[in-house]
Amino acid sequence: MIKLQEHKASIQPIESKLKISILEDEEIRQINQSTRTVLEEVGVVFPSEKALNIFAEVGANVDFNNQVVKIPAHLLDKYLATSPRTYTMAGRRPDLDVNIGNGEGTYYYCSGEAPKIVDFNTGERRLSVKQDIANHARIADYLPIISLLWPTVSASDKGVTSPLHGLEACFNNTEKHVETESVMDQISARYSVEMAIAIAGSEENLRDRPILSQLLCCIAPLAQDRGGIEAAMVFTEYGIPVGLMSMPTLGLTAPPYPAGALTLAMAETLSGIMLTQIINPGVGNYISVNPGIVDPRTGSYFMGSGVAQITNVAAVQMAHSNGIPVLACHSFGGSQYKLGNWQAGYENFYSHFLAVMAGADMSFGPSGMYEAVSLLDHPRILFDREILRVIDDVTNGIEVNPKTLSFDMIKQIGQTGSYICHKETAKAYRSIWPWESILYEDGAAEGRKWRDPVEVARETISWILENHKPESLPEDVKQEVRKIVAAADKDEDLKKEVRGHK
Amino acid sequence: MSEEIYQKLAQAVIDGELEDAEALAKQALELGLEPLDCINKGLTKGIQRVGELFADGECYLPELVLSAEAMKVALNVLEPAMLGGKQRETVGKVVLGTVQGDLHQIGKNLVGSMLIANGFHVIDIGVDTPTSEFIKAIKENDATIVGASALLTTTMMEQKKLIDAIEEAGLREQVKVMVGGAPVNQDYAEQIGADGYAEDAVSAVNLAFRLVDAPK
């Protein structure tokens, strides 16, 4: 293990010189066309009276009885035009800002909201609790590869207000941008906004620098969740960015073909984005398409297949062709549980490699997840980090210019000489040797020996949990946030809203 | 003639041909065939074959689901025509539902299809189902197994409430309870007093066979 040092939170996107395209321009045009036809002729279910009224007011074809919204293409494109291609998801400090679309590369999430965790001390699989969220947020705060995070597990000890406790645990343990994907009702959304205002200092500050965002998962095929979409409407009101995710399961909740699944996914996400743009033109959005497939022999949900990954990466082109940023890649969680297993390794490598090269604005990155993002194991996050370390290196590509062509060096060294003592070599090695591995380096030149990375990962996590002290919120703000969550815990309307949520 | 119809019914199920299965069932009734024979000698034979093919990896889930659907449409024609309170033979009767507050249905539906394909009679009571609906369905159908699905940490406690309600209704001796869903595991199942937990559709079928003590 390299010698770890305490440091303040920082973020590090990965920029790729290598580029790939999955779809040709004509194929993109066809999927976009088909998406618009689906929205015009089939429509999307919005089970919210408020949302239906908003669509009707701007001229969409709304069937109030069946809660189906059909959207003419010209109307869709009118509202998509105000969704920004570049915007900021703010950290608590400007140097932690995620500047989407500004060419800095792909930013990585620590995501999840898994219901279960491998207990770090006992190794037992158990339901996750609030303290687990706090611990993982602290680990994510320490690792620069992570730019923004979700509460990575559920606070199962907190009942229906678990999403709010999750946010509190994150705000108290990281300065990085925090996103929720489990606030799925309008009352919890208002409490979340209250927390964000308390931390930002004022509503105006929050609008200016949103330290919170929401990811809303659509219901495939072609439906939105009532509570979720009503929460999104609240966030949108306050200028909080809202990402829309579609999770088509090929052959189950979507056509079995990637092109059809993409069509469906774009219809779901774009219809949601249109709603947010009607409410607050210019509010930040992104699209995420995370396909899965059913293991046809067992019925298990399976994230790690090649067809699902290629569909996911094709969505980068689809989102960008509509002028919307994209959050790609859903692996780091597809494999069955075994810390450091080879299947997890290759799945994660190729899916992230493709996403970076496709130019994703953000990607689900090191999270520590297994089993279709249903199980967290803290040390796994370091294995994920190692994979991105290699990807960062490879995607730098090769620089070709007079300096790197090295003619002068070649001439100077001539035949049978060595380049090791050349000044240029000494300088170049600073950049060509990849950034440090935590798991495979012991840092000491003498007596260097291989150690089991699983063991090293456990030591590293212990070190981080013991030594990393994230910059905490001012005490009065912390107390204010506590009060807001405590009030939510006692809110009977919130309980009714969550339980009655259909 | 009757043998030919039975065989065609079996084949319609094997091929997952819904329209054929329904038309053949109607034809069988028009010809005056005994509905129970059509089920036992036709549909059940077909679905058993599908179950074998699935177990051998020669048939995939989408094909199996189509076969189960074909069986269902034919049963919808044949069962109402059964006279004198006759009932088809099944491995067991399973009431299946997603608990209150939870709208997830995919896992439950897959389990349902798999159980049908393996000879169980499945009564699917849908999603967001109050405990009282489960109890009602158990009583009305004289069920032997209840399957409760929960995909959220906020709804998994409904599974415990259901078990408590089954106790209260005096039905605990009659039905075995199996639970499933992402946040649920074997430990939790034991903790709430369920009879078993299954992590996917195939395991759910194996569990159901164990619970009714029937050979698979």
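This is a predicted model, so every value here is computed, not measured. (Residues numbered from 1 in each chain as written. Chains lettered and ligands numbered in written order. Predicted model: local features only at pLDDT ≥ 70, side-chain atom pairs only at ≥ 80, totals over all residues.)

Concerning the overall build of chain B
Defined as follows: Secondary structure is summarised from DSSP: a helix means a run of H or I of at least four residues, a strand means a run of E of at least two, and numbering begins at the N terminus for each. The atom set for the radius of gyration is the C-alpha atoms, and the globule formula is 2.2 Å times the number of residues raised to the power 0.38. Counting other C-beta atoms within 10 Å of each residue's C-beta, where C-beta atoms are placed from the backbone, gives the exposure class: buried for 20 or more, exposed for 12 or fewer, partly exposed between. It is the C-beta atoms, placed from the backbone, that decide contacts: two residues are in contact if theirs lie within 7 Å.
Of regular secondary structure, chain B possesses nine helices and five strands. Its C-alpha radius of gyration of 18 Å places chain B within 12% of the 17 Å reference for a compact globule of 216 residues. Along the longest, intermediate and shortest principal axes, the C-alpha atoms of chain B span 55 × 40 × 30 Å. With 216 residues in all, chain B has 50% of them scored as buried. Counted over contacts in chain B with a minimum sequence separation of 6, partners at least 24 positions apart contribute 75%.

Comments concerning the sheet that holds strand 8 (residues 125-127) of chain A
Sheet strands line up and pair through hydrogen bonds in the backbone, either parallel or antiparallel. All names here are of chain A. The test is simple: Note on pairing: two strands pair once DSSP finds at least 2 bridges between them.
Here four strands make up an open sheet; going across it, the order is 8-7-20-19 and the pairing mixed. Both outer strands of the open sheet, strand 8 and strand 19 (369-370), are each paired with one neighbouring strand and no more. Here strand 19 pairs with strand 20 (residues 375-376) via two bridges, running antiparallel. From the neighbouring strand, Met369 faces strand 20, where its bridge partner is Leu376.

A short note on the pairing of strand 9 (residues 146-149) of chain A
Successive side chains on a regular strand alternate, one facing one side of the sheet and the next facing the other. All names here are of chain A. When strand 6 (residues 107-110) meets strand 9, the two strands line up parallel, connected through three bridges. Bridged to Tyr108 within strand 9 is Ile146. When strand 9 meets strand 10 (residues 177-180), the two strands line up parallel, connected through two bridges. Looking at strand 10, one finds that Leu148 is bridged to His177.

Describing the domain arrangement of chain B
All names here are of chain B. Short version of the rule: For each domain, the first and last residues come from an automatic or database assignment. In this count, Pro and Cys sit with the nonpolar residues alongside Ala, Val, Leu, Ile, Met, Phe, Trp and Tyr, while Asp, Glu, Lys and Arg are called charged and the others, Gly among them, polar.
Per the domain assignment, the segments of chain B are domain 1 (2-81) and domain 2 (93-211). Distance from the C-alpha centre of domain 1 to the C-alpha centre of domain 2: 26 Å. Listed by contribution, the elements that provide at least two residues to the side of domain 1 that touches domain 2 are helix 3 (35-55) and helix 4 (61-78). Residues that form the side of domain 1 that touches domain 2 fall into these classes: seven nonpolar, four polar and one charged.

Quick look at the domain arrangement of chain A
Residues and elements named next belong to chain A. The domain boundaries assigned to chain A delineate domain 1 (80-396) and domain 2 (402-467). Computed over C-alpha atoms, the centres of domain 1 and domain 2 are 33 Å apart. Each partner contributes to the interface: domain 1 provides 17 residues, whereas domain 2 provides 13 residues. Among the secondary structure elements, those contributing two or more residues to the side of domain 1 that touches domain 2 are helix 4 (130-142) and helix 12 (380-394). Sorting elements by how many residues they give to the side of domain 1 that touches domain 2 places helix 12 first, with eight residues.

Regarding the interface of chain A and chain B
Chain A puts 22 residues into the contact, and the matching count from chain B is 17 residues. Listing elements by their share of the side of chain A that touches chain B, those giving two or more residues are strand 8 and helix 18 (492-499) of chain A. Considering only residue class, the side of chain A that touches chain B consists of seven nonpolar, 10 polar and five charged.

Some details on the nonpolar core
Heads up, the rule is: Nonpolar core, as used here: buried Ala, Val, Leu, Ile, Met, Phe, Trp, Tyr and Cys residues forming one set through C-beta atoms within 7 Å.
Core analysis: the biggest nonpolar cluster contains 214 residues, and Leu149, Ala315, Val326 and Ala328 of chain A together with Leu9, Val13 and Met178 of chain B have the highest contact counts within it. Setting aside anything within four residues of it in sequence, one finds Leu9 of chain B in contact with Ala21, Leu24, Ala25, Cys38, Gly42, Leu43, Gly46 and Ala74 of chain B.

A word on the confidence of the model for chain B
All names here are of chain B. Counted only if it meets this: Per residue, pLDDT measures the predictor's confidence, with a range of 0 to 100.
Averaged over all residues, the pLDDT of chain B is 90; the fraction at 70 or higher stands at 98%. The least confident element of chain B is helix 5 (residues 106-117), whose mean pLDDT is 86; the most confident is helix 2 (residues 18-30), at 96. Across the assembled chains, the prediction reports ipTM 0.72 with pTM 0.88.

Describing helix 4 of chain B
Rule in force here: Take the number of residues in a helix, subtract one, and multiply by 1.5 Å to get its expected span.
In a regular helix each residue adds 1.5 Å, so 18 residues correspond to 26 Å; helix 4 of chain B covers 25 Å between its end C-alpha atoms and thus fits that length. Every buried residue of helix 4 of chain B is accounted for by Leu61, Leu64, Val65, Ser67, Ala68, Ala70, Met71, Ala74 and Leu78 of chain B.

Here's the deal with the environment of Tyr188 of chain B
Secondary-structure assignment places Tyr188 of chain B in helix 8 (residues 186-191). Owing to 20 C-beta atoms within 10 Å, Tyr188 of chain B belongs among the buried residues under this scheme.

Topic: the sheet that holds strand 5 (residues 196-197) of chain B
Residue and element names in this part refer to chain B. Counted only if it meets this: Where helices are involved, their axes are fitted lines through C-alpha atoms of the stretch in contact, as for all axes, and angles between N-to-C directions lie from 0 to 180°.
If you trace the five strands from one edge of the open sheet to the other, you get 2-1-3-4-5, paired in parallel fashion. In this open sheet, the two strands that pair with only one neighbour each are strand 2 (121-124) and strand 5. When strand 3 (residues 145-149) meets strand 4 (residues 176-180), the two strands line up parallel, connected through five bridges. Opposite Ile145, over in strand 4, you have Lys176 as the bridge partner. Along the sheet, helix 5 makes contact with strand 1 (93-98), strand 2, strand 3 and strand 4, crossing strand 1 at roughly 170°. Lying over the sheet, helix 9 (residues 201-211) contacts strand 1, strand 3, strand 4 and strand 5, oriented at roughly 165° with respect to strand 4.

A word on the packing of helix 4 of chain A against helix 16 (residues 453-467) of chain A
Residues and elements named next belong to chain A. The criterion, for reference: Each angle gets one of four labels, with under 35 degrees taken as roughly parallel, over 145 as roughly antiparallel, 65 to 115 as roughly perpendicular, and the rest as oblique.
The contact between helix 4 and helix 16 brings their axes to 9 Å, and the two run at 95°. When the axes of helix 4 and helix 16 are compared, the pair comes out roughly perpendicular. Across from Asn135, Arg138, Ile139 and Tyr142 in helix 4, the residues of helix 16 making contact are Ile461, Ile464 and Leu465. A breakdown of the residues in the contact of helix 4 with helix 16 according to their chemical character gives five nonpolar, one polar and one charged.

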